[in-house]
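# Coordinate inspection notes
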Amino acid sequence: DVKVTQSSRYLVKRTGEKVFLECVQDMDHENMFWYRQDPGLGLRLIYFSYDVKMKEKGDIPEGYSVSREKKERFSLILESASTNQTSMYLCASSAPVVTTNEKLFFGSGTQLSVL
Amino acid sequence: GENVEQHPSTLSVQEGDSAVIKCTYSDSASNYFPWYKQELGKGPQLIIDIRSNVGEKKDQRIAVTLNKTAKHFSLHITETQPEDSAVYFCAASTPSGNNRLAFGKGNQVVVIP
């Protein structure tokens, strides 16, 4: 079974801190994604990556950056955390679209609270 | 870009009854429509999907129907069970491809024993 592992289930940080959310997948997937989930707003794409060292902005990239130094690892960075970034963060991975497999595999999420 | 809307936002059904969740999409070029189920404390998981060249797909108690003319697709759950209680997300793939999905806001389904 594909496993997408997010390093923390719950995280509490202070306003202005630099925050790293880590995600690792074990299926050699090229594509990796970061979403945030808020009540009533569904899943919104922050950033995604098709390959090592490649990144693309999603729908709400402001205040975030990402890093993909290795194929299996995709990190989300909050340069200076703010209270409006309190949310559930979900990482996902998938095989390349050329295989017609667009199935996303999600991690269990990291609930981040910024105080 | 693609806009996906889900209705209703919350659905309560008696155990054993059927549940139907409907989604509409805006981009007629969208060609892939998955449904994800999110149980409490877990990430979303794909439960069924359909492509634009097919009108209906069934997998045991769940089915998805697609109406390309009206630009809507629906999830049907028959003989609902307590374990069907979850949040369900529909999505549509944008024509730009590369696995970029536009998700709906989600439906909370509650199955009452």
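Residues numbered from 1 in each chain as written. Chains lettered and ligands numbered in written order. Predicted model: local features only at pLDDT ≥ 70, side-chain atom pairs only at ≥ 80, totals over all residues. Heavy atoms only, no water.

### Describing the sheet that holds strand β7 (residues 62-67) of chain B
Within a sheet, adjacent strands bond to each other through the backbone by hydrogen bonds, running parallel or antiparallel. Residues and elements named next belong to chain B. Taking strand neighbours across the sheet as the criterion, the five strands line up as β1-β3-β8-β7-β6 in an open arrangement whose pairing is antiparallel. Looking at which strands have only one partner, the edges of the open sheet turn out to be β1 (4-7) and β6 (56-59). Between one strand axis and the next, the sheet turns through 15° on average, direction left out of account. (Pairing = 2+ DSSP bridges. Helix = DSSP H or I, 4+ residues; strand = E, 2+ residues; numbered from the N terminus. Axes fitted to C-alpha atoms, helices over the stretch in contact; angles between N-to-C directions.)

### Thoughts on the interface of chain B and chain A
Counting residues at the interface gives 17 residues for chain B, matched by 28 residues for chain A. Between chain B and chain A, roughly 1,800 Å² of surface is buried when both sides are summed, and carbon and sulfur atoms account for 52% of that area. Connecting chain B to chain A are zero salt bridges. Of all the secondary structure elements, the ones that give two or more residues to the side of chain B that touches chain A are β4 (32-38), β5 (45-51) and β10 (101-103) of chain B. With three residues, β4 of chain B is the largest single contributor of residues to the side of chain B that touches chain A. Classifying every residue of the side of chain B that touches chain A gives seven nonpolar, six polar and four charged. (Contact = heavy atoms within 4.5 Å. Buried area = accessible area lost by both parts, 1.4 Å probe. Salt bridge = Lys/Arg side-chain N within 4 Å of Asp/Glu carboxyl O. Nonpolar A, V, L, I, M, F, W, Y, C, P; charged D, E, K, R; others polar.)

### Side note on the pattern of salt bridges
Under the criterion given, the structure shown has ten salt bridges over all chains. For R44 of chain A, the salt bridge is made with D38 of chain A, and the minimal N-O distance between the two is 2.8 Å. Classification of D38 of chain A by relative accessible area gives buried; the value is 10%. Of the charged contacts, one joins R61 of chain B and D84 of chain B as a salt bridge, the two residues approaching to 2.9 Å between their closest N and O atoms. In this pair, R61 of chain B sits in the loop between β6 and β7 while D84 of chain B sits in the loop between β8 (72-77) and β9 (86-93), placing the two residues 23 residues apart along the sequence. Residues joined in a network through salt bridges with shared partners are D28, E30 and K71 of chain A. (Buried < 20%, exposed > 50% of the residue type's maximum accessible area, 1.4 Å probe, protein only.)

### Re the packing of aromatic side chains
Scanning the entire structure with this criterion turns up 14 aromatic pairs over all chains. For the ring pair F33 of chain A and F48 of chain A, a centre distance of 6.1 Å and an interplane angle of 20° mean the geometry is stacked. Taken together, the residues F33 of chain A in strand β4 (residues 31-38) and F48 of chain A in strand β5 (residues 42-49) connect sequence positions 15 residues apart. With relative accessibility at 1%, the residue F33 of chain A sits in the buried group. Relative to F103 of chain B, the ring of F89 of chain B has its centre 6.5 Å away and its plane inclined at 90°; by these criteria the two rings are edge-to-face. Remark: F103 of chain B occurs in strand β10 and F89 of chain B occurs in strand β9; sequence separation between them is 14 residues. Neither residue differs from the other here; F89 of chain B and F103 of chain B are each classed as buried. (Phe/Tyr/Trp six-rings, centres within 6.5 Å; stacked < 30°, edge-to-face > 60°.)

### With respect to the state of the cysteines
Within the structure shown, the criterion is met by two disulfides over all chains. Across the disulfide, C23 of chain A is cross-linked to C91 of chain A (sulfur-sulfur distance 1.9 Å). Classification of the bridge connecting C23 of chain A and C91 of chain A rests on its S-S torsion, roughly -80°, and on that basis the disulfide is left-handed. Highlighted residues: C23 of chain A in strand β3 (residues 19-25) and C91 of chain A in strand β9 (residues 87-94), separated in sequence by 68 residues. By relative accessible area, C23 of chain A is classed as buried at 0%. Across the disulfide, C23 of chain B is cross-linked to C90 of chain B (sulfur-sulfur distance 1.9 Å). Because the sign of the S-S torsion sets the handedness, a value of about -95° for the bond joining C23 of chain B and C90 of chain B places this disulfide among the left-handed ones. Here the residue C23 of chain B occupies a position in strand β3 (residues 19-25), and C90 of chain B occupies one in strand β9, the gap between them amounting to 67 residues. Across the pair, C90 of chain B and C23 of chain B agree in class, each one buried. (Disulfide = S-S within 2.5 Å.)

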